[in-house]
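Inside the fold
Residue-level listing of the chains:
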Amino acid sequence: MNISSPDQLFDRAFRLYREKKYAEALDLLTREGARFPGRDPRIQFWRACLASRAGETQQALSILQAAVDAGYWYSVHQLRRDDDLEPLCAATCVDTDVD
């Protein structure tokens, strides 16, 4: 598989996502994502979403924690409102009102 741009990587990952091949998309982003360091915050967020969709709650949490430790920031709104993270949030979130 020859991926020459971040857009090409995202297109392939999203195609796998639409096919509900979450683990394959996660593997793709994990394997190829480091080639595009300028897109790492987005790649890590997508990896967490895919791990969550694949039922890998601990892995999703680890990915998000590593991203935060690397200095990336994701808004509470983004984390709570993303349907892909719903399984993760259901397992870990405190029920508070976020506007």
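Relevant structure appears above.
A brief look at the structure comes next. (Residues numbered from 1 in each chain as written. Predicted model: local features only at pLDDT ≥ 70, side-chain atom pairs only at ≥ 80, totals over all residues. Heavy atoms only, no water.)

Examining the pattern of salt bridges
Inspection of the entire model under this criterion finds 5 salt bridges. Note that Arg39 is salt-bridged to Asp7, the shortest N-O span being 3.7 Å. Residue Arg39 is located in the loop between α2 (22-32) and α3 (40-53), and its partner Asp7 is located in helix α1 (residues 6-18); the two are separated by 32 residues in the primary sequence. The exposure class assigned to Arg39 is partly exposed, which follows from its relative accessible area of 32%. With a relative accessible area of 47%, Asp7 lands in the partly exposed category. A salt bridge links Arg53 to Asp84; its shortest N-O distance comes to 2.7 Å. Of the two residues, Arg53 is situated in helix α3 and Asp84 in the loop between α5 (76-81) and α6 (86-92); the sequence distance between them amounts to 31 residues. (Salt bridge = Lys/Arg side-chain N within 4 Å of Asp/Glu carboxyl O. Helix = DSSP H or I, 4+ residues; strand = E, 2+ residues; numbered from the N terminus. Buried < 20%, exposed > 50% of the residue type's maximum accessible area, 1.4 Å probe, protein only.)

Re the nonpolar core
The biggest cluster of nonpolar side chains holds 24 residues, and the ones touching the most others in it are Leu9, Leu28, Leu29, Ile43, Phe45, Leu50 and Leu64. If you list the elements that add at least two residues to this core, you get α1, α2, α3 and α4 (57-69). In terms of residue count, α3 provides more of this core than any other element does, 6 residues in total. Once residues within four sequence positions are removed from consideration, Leu9 is found in contact with Ile3, Leu28, Leu29, Glu32, Gly33, Phe36 and Ile43. (Core = buried A, V, L, I, M, F, W, Y, C linked by side-chain atoms within 4.5 Å. Contact = heavy atoms within 4.5 Å.)

Topic: the environment of Ala66
Examined against the element boundaries, Ala66 turns out to sit in helix α4. When its relative accessible area of 45% is taken as the criterion, Ala66 is described as partly exposed. Remark: the alpha-carbon pair of Ala66 and Gln44, spanning 22 residues in sequence, is separated by 8.7 Å.

Digging into the packing of aromatic side chains
The description of two aromatic rings rests on the distance between their centres and on the angle between their planes. For the structure on display, the rule yields 4 aromatic pairs. On the numbers, 5.4 Å between centres and 35 degrees between planes, the contact of Phe45 with Tyr74 is tilted. One end of the pair, Phe45, is in helix α3; the other, Tyr74, is in the loop between α4 and α5, with 29 residues separating them in the sequence. With a relative accessible area of 7%, Phe45 lands in the buried category. An aromatic cluster is present here, built from Phe14, Tyr17 and Tyr22 joined pairwise through their rings. Above the face of the Phe10 ring, Arg42 is positioned so that its terminal group lies 3.9 Å from the ring centre. (Phe/Tyr/Trp six-rings, centres within 6.5 Å; stacked < 30°, edge-to-face > 60°. Lys NZ or Arg CZ within 6 Å of the ring centre and 35° of its normal.)

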